[in-house]
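This is what each chain is made of:
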Amino acid sequence: MSGALKEVRGRIKSVQSSQQITKAMKMVSAAKLRRAQDAITQMRPYAQKMQEVLSNILSNTEGSIGGDLATERAPEKVLLIVITSDRGLAGAYNSNVIKLAKQTIREHYAAQEAKGNVTIWSIGKKGFEHFAKNSYKVTDTYKDIFLNLTFENVQACAEAAVQAYRDHKFDVVEIVYSEFRNAATQAFLVSRFLPVPLAKPAVSNKNLKTDFIFEPSKEELIAELIPKILNTQLFKAVLDAHASEHGARMTAMDKASENANELLRNLKISYNRARQAAITTELTEIVSGAAALAG
Amino acid sequence: MTLEILTPERKLYGGQVYGVQLPGIDGLFEVLDRHAPMVSALKKGNLKVLVDKGQGNTINYSIESGFVEILHNKVTVLVEGANLVDKSH
């Protein structure tokens, strides 16, 4: 009987120590999430102003502009930039991103995939490991980007993609990532990176009528502006993914702690039941022993 | 006029200033109060904030390439990276 007691006690201990780990991980993720969210808020004014400048220029120009980066080509060679996390234990976060990437390939680029013309660049170790193992064409990986998340590091990746596009190594570049909504929700999306969709803004902005001096010419300005907007777009995606990762991990760890609580409750009940049973047996033995002596 | 210096990582500077010197792609230029609306590309170089009319009170930044937009007496500098060089009063 005491054997069963000891076993249950051991299990309670092990569940308790797992719970300590999940609780600690939740706290760490909460702190990191706050920092990641701050980074998003900090970059927002820059990104917005960038778009404004672009629409100012576009609304002051007639005809099509944008140069090679905005021209659609027949999509023969495709690049997917897949952003996952470096570490696991984040619930379904990584598998959702990977699933979406595969679905995109299946639904939109099946013909290119059959010819081996779909390439994957992976930001984040988890995605890299998965795609490399499942014999997708993974040529580049930026798996250490999250260790030191600076604009410069992300810029390197964006510029490499732009260069490869210019060299006609790819005709379409898409980013697969998770957009941060709030700590518990992520939206997994595929967003077009190249060619740049240059839409003319609707004429409602009050700034649009302003007669700007453009220096150098509008065409040169746009040629300068587009790569910068692309850098910003990828940086935003990476920041979003980073915040999503911590949000997902926080939720997952919160669930895990809750489950551990439930498990502990059940274990305590069976522990007490076993203890009570042991006491009852012992009492019965003593009583019947005494009765035998008296009899 | 108001000056804002924005980078993707944070807002570097915001406030009322007398003027600002910028490294334009075609050469250095200065923006003072009530400048006409303008969009210009900037190259890597030195950006000098003239905090008030006195010559001594300046802040220097070394910037990566970027843009400046001037509209309604508001100057917005968009650069991909910038470092404070020195501050003198």
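Rules and cut-offs
Residues numbered from 1 in each chain as written. Chains lettered and ligands numbered in written order. Predicted model: local features only at pLDDT ≥ 70, side-chain atom pairs only at ≥ 80, totals over all residues. Helix = DSSP H or I, 4+ residues; strand = E, 2+ residues; numbered from the N terminus. Rg over C-alpha atoms; globule rule 2.2 N^0.38 Å. Buried ≥ 20, exposed ≤ 12 C-beta atoms within 10 Å, placed from the backbone. pLDDT = per-residue confidence, 0-100. Axes fitted to C-alpha atoms, helices over the stretch in contact; angles between N-to-C directions. Parallel < 35°, antiparallel > 145°, perpendicular 65-115°, else oblique. Left-handed = near helix turned anticlockwise from the far one by under 90°. Contact = placed C-beta atoms within 7 Å. Nonpolar A, V, L, I, M, F, W, Y, C, P; charged D, E, K, R; others polar. Pairing = 2+ DSSP bridges. UniProt positions renumbered as here; feature names shortened; annotations may be inferred. Expected span 1.5 Å × (residues − 1). Arc of directions from axis to C-beta.

Draft legend 1. Summary view of the overall build of chain B. Scanning chain B from terminus to terminus reveals 0 helices and 10 strands. Helices and strands in chain B line up, N terminus first, as β-β-β-β-β-β-β-β-β-β. The globule rule puts the C-alpha radius of gyration for 89 residues at 12 Å, and the 12 Å found for chain B is close to it. Counting only C-alpha atoms, chain B reaches 30 × 30 × 25 Å along its principal axes. When burial is assessed residue by residue, chain B has 34% of its 89 residues classed as buried.

Draft legend 2. Just the confidence of the model for chain A, in detail. Averaged over all residues, the pLDDT of chain A equals 88, while 94% of them reach at least 70. Considering each helix and strand of chain A separately, the mean pLDDT is smallest for strand 3 (residues 137-142) of chain A, with a value of 81, and largest for helix 2 (residues 93-108) of chain A, with 94.

Draft legend 3. Spatial organisation of the packing of helix 2 of chain A against helix 4 (residues 125-133) of chain A. Residues and elements named next belong to chain A. Put simply, helix 2 and helix 4 touch, their axes get as near as 10 Å, and they point 50° apart. Relative to helix 4, the element helix 2 lies oblique. Note that helix 2 runs across helix 4; the crossing there is right-handed. Each of N94, V97 and I98 in helix 2 lies in contact with helix 4, whose residues at this interface are K126, G127 and H130. Among the residues forming the contact of helix 2 with helix 4, the class breakdown is 2 nonpolar, 3 polar and 1 charged.

Draft legend 4. Examining the sheet that holds strand 5 (residues 185-194) of chain A more closely. All names here are of chain A. The strand order across the open sheet formed by 5 strands is 3-2-1-4-5, and the pairing between neighbours is mixed. Either end of the sheet is taken by a strand with one partner, and the two such strands are strand 3 and strand 5. Here the strands of the sheet are splayed against their neighbours by 25° on average, with no regard to which way each runs. Two elements, strand 4 (residues 172-182) and strand 5, share 9 bridges in a ladder whose sense is antiparallel. By the bridge assignment, F180 is partnered in strand 5 with Q186. Set on the sheet, helix 2 makes contact with strand 1 (78-83), strand 2 (118-123), strand 4 and strand 5; between it and strand 4 the angle comes to about 145°.

Draft legend 5. Spatial organisation of the pairing of strand 9 (residues 74-79) of chain B. Residues and elements named next belong to chain B. In terms of residue burial, strand 9 counts as a mostly covered element, since 5 of its 6 residues are buried. As paired elements, strand 1 (residues 2-6) and strand 9 share 5 bridges and run parallel to each other. Each residue of the ladder has a partner; that of E4, found in strand 9, is T76. Pairing analysis gives 6 bridges linking strand 8 (residues 66-71) to strand 9, with the strands arranged antiparallel. Across the sheet, residue V68 finds its bridge partner in strand 9, namely V77.

Draft legend 6. Spatial organisation of the interface of chain A and chain B. The partner chain B presents 22 residues to the 27 residues of chain A that form the contact. Looking at the side of chain A that touches chain B, the elements with two or more residues in it are helix 1 (2-59), helix 5 (151-166), strand 6 (213-215) and helix 6 (218-294) of chain A. Broken down by element, the residue count for the side of chain A that touches chain B peaks at 9 residues, all from helix 1 of chain A. When the residues that make up the side of chain A that touches chain B are grouped by side-chain class, the tally is 14 nonpolar, 7 polar and 6 charged. Taken together, the 3 bridges between strand 6 of chain A and strand 5 (residues 38-42) of chain B define a ladder with parallel strand orientation. The residue bridging E215(A) from the neighbouring strand is S40(B), located in strand 5 of chain B.

Draft legend 7. Main features of the packing of helix 5 of chain A against helix 6 of chain A. Residues and elements named next belong to chain A. In contact at an axis separation of 9 Å, helix 5 and helix 6 are set at 120° when each is read in the N-to-C sense. One way to sum up the angle between helix 5 and helix 6 is to call them oblique. The handedness of the crossing between helix 5 and helix 6 is right-handed. Where helix 5 approaches helix 6, its residues F151, V154, Q155, C157, A158 and V162 are matched on the opposing element by P227, L230, N231, L234, F235 and V238. Broken down by class, the residue content of the contact of helix 5 with helix 6 amounts to 10 nonpolar, 2 polar and no charged.

Draft legend 8. Highlighting the pairing of strand 4 of chain A. Among the 11 residues of strand 4 of chain A, 8 are classified as buried, and the element is accordingly described as predominantly covered. Connecting the antiparallel pair strand 4 of chain A and strand 5 of chain A is a turn made up of 2 residues.

Draft legend 9. Main features of the UniProt feature "domain: ATP synthase F1 complex delta/epsilon subunit N-terminal" (unreviewed entry) in chain B. With numbering aligned to this structure, UniProt lists the feature "domain: ATP synthase F1 complex delta/epsilon subunit N-terminal" (unreviewed entry) at residues 1-82 of chain B. End C-alpha to end C-alpha, residues 1-82 of chain B measures 21 Å, and it is 0% helix and 65% strand.

Draft legend 10. Structural view of the environment of A274(A). One can find A274(A) in helix 6. In the structure, A274(A) is positioned 271 residues away from G3(A) in sequence and 10.0 Å away in space, judged by C-alpha atoms.

Draft legend 11. Region of interest: the environment of K44(B). Residues and elements named next belong to chain B. In this fold, K44 is placed in the loop between strand 5 and strand 6 (45-50). Through-space distance from the C-alpha of K44 to that of F29 is 14 Å; in sequence the pair is 15 residues apart. Setting aside residues no more than four positions away along its own chain, K44 makes contact with I63, E64 and S65.

Draft legend 12. Spatial organisation of the confidence of the model for chain B. Per-chain confidence: chain B averages 90 in pLDDT, with 99% of residues scoring 70 or above. Interface confidence in the predicted complex, given as ipTM, is 0.86; pTM for the same model is 0.86.

Draft legend 13. Focus on helix 5 of chain A. Residue and element names in this part refer to chain A. Taking 1.5 Å of rise per residue, the 16 residues of helix 5 would be expected to cover 22 Å, and the 22 Å separating its terminal C-alpha atoms lies within 8% of that figure. Residues of helix 5 that are buried include every one of F151, V154, Q155, C157, A158, A161, V162 and Y165, and no others. Seen from one end, helix 5 has its buried residues packed into an arc of 165°, which puts them on one side. Of the surrounding elements, those touching the buried residues of helix 5 are strand 1, strand 2, strand 3, strand 4, strand 5 and helix 6. Note on helix 5: the residue one or two positions beyond its end, H168, has a positive phi of about 65°.

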